[in-house]
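What follows is each chain in one-letter form.
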Amino acid sequence: MRIKKQWNFDTSIEIEEGYTGRYGAPGKPREKKRKPTPEEIRRQNQRNRENNMRRLIKANFGKYDCWETITYRKGDRPTPEEMKADMQRLIRKVRKEYRKRGHELKYILRMEIGKRGGPHIHILVNAISGTDYRTEVILSQCWDKGHVNSKTLYESGGYKDLADYIVKEQQEWEPESLKRYTRSRNLEVPKPKVRKWKARSWREPKAPAGWYIDKETFFEGTNPFTGKTYRHYIMYPLKGGSG
């Protein structure tokens, strides 16, 4: 039994295809099960985190939303607990300013400590602007412990690069108490459309009218744990788009 999962976004369509049940492609013998190694499990879990984060960003943020880097004054070395408290206060202030202007704040936040001990925070937020306000100005006014550097999501590498960065593994010098990331509760978690059907062979994937398959995102392989064939790829509008 074939299974296809499809995530539809404004600027892309993501596809995952594979087989259900205990067998791989029809006509192929069932592979002997084996226990995955800790390293294989780690890599697979990391790929899943990257995919889920990329789709979460696509569902909630656009290329002109803001990627903010928040730093402390030179010499300040807050503990992870102090950083968390600082971020909670900052979020409360920014959310209040958004609501004053008729908007709800959406964010994904990642705290880090550099190799030399320098603390900094990255936060992706939905951008708002008016005659007398902009997101980057609001952040700067609400943060009184250092500096705020603002870029757009597009300028920061796009959906994939930001997703990979947000969920990257903690560095060896970072304490376990420093969470990988936090996010606002009002984010939409994208769910795929799922289709199942019987098929004896793979068909060449085709993009719908007005779209194309990005060859750089196309991958086809065999799951080493189950022996099942699978593939995944991303489609973009012909007029452009990436992430």
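The present account deals with the structure reproduced in this document.

About the cut-offs
- Residues numbered from 1 in each chain as written.
- Predicted model: local features only at pLDDT ≥ 70, side-chain atom pairs only at ≥ 80, totals over all residues.
- Heavy atoms only, no water.
- Helix = DSSP H or I, 4+ residues; strand = E, 2+ residues; numbered from the N terminus.
- Buried < 20%, exposed > 50% of the residue type's maximum accessible area, 1.4 Å probe, protein only.
- Polar contact = N/O pair within 3.5 Å; in protein donor to acceptor, adjacent residues only side chain to side chain.
- Pairing = 2+ DSSP bridges.
- Axes fitted to C-alpha atoms, helices over the stretch in contact; angles between N-to-C directions.
- Parallel < 35°, antiparallel > 145°, perpendicular 65-115°, else oblique.
- Left-handed = near helix turned anticlockwise from the far one by under 90°.
- Contact = heavy atoms within 4.5 Å.
- Nonpolar A, V, L, I, M, F, W, Y, C, P; charged D, E, K, R; others polar.

### Focus: the side chain of Glu14
Then comes step 1: By the secondary structure assignment, Glu14 is in strand S2 (residues 13–19).
Then comes step 2: Overall, Glu14 belongs to the buried group, its relative accessible area being 1%.
Then comes step 3: Within the structure, the side chain of Glu14 is placed 2.8 Å from the side chain of Arg54, a separation counted as a polar contact.
Then comes step 4: Side chain to side chain, Glu14 and Arg55 meet in a polar contact 2.8 Å long.

### Here we look at the pairing of S2
Then comes step 1: Counting buried positions along S2 yields six of seven residues, so the element is predominantly enclosed.
Then comes step 2: Looking at chain direction, strand S1 (residues 2–8) and S2 are connected through seven bridges and run antiparallel. Pairing of Ile3 across the sheet is with Gly18, part of S2.
Then comes step 3: The turn linking S1 back onto S2 is made up of four residues.

### Focus: the packing of helix H2 (residues 80–100) against helix H3 (residues 135–142)
Then comes step 1: Running from amino to carboxyl end, H2 crosses H3 at an angle of 135 degrees, the nearest separation of the two axes being 10 Å. By the angle between their directions, the pair H2 and H3 is classed as oblique. In this structure, H2 meets H3 at a crossing whose hand is right-handed. When H2 is examined against H3, the residues Leu90, Lys93, Val94, Glu97 and Tyr98 are found in contact with a partner set consisting of Thr135, Ile138, Leu139 and Cys142.
Then comes step 2: Across the contact of H2 with H3, the residue classes break down as six nonpolar, one polar and two charged.

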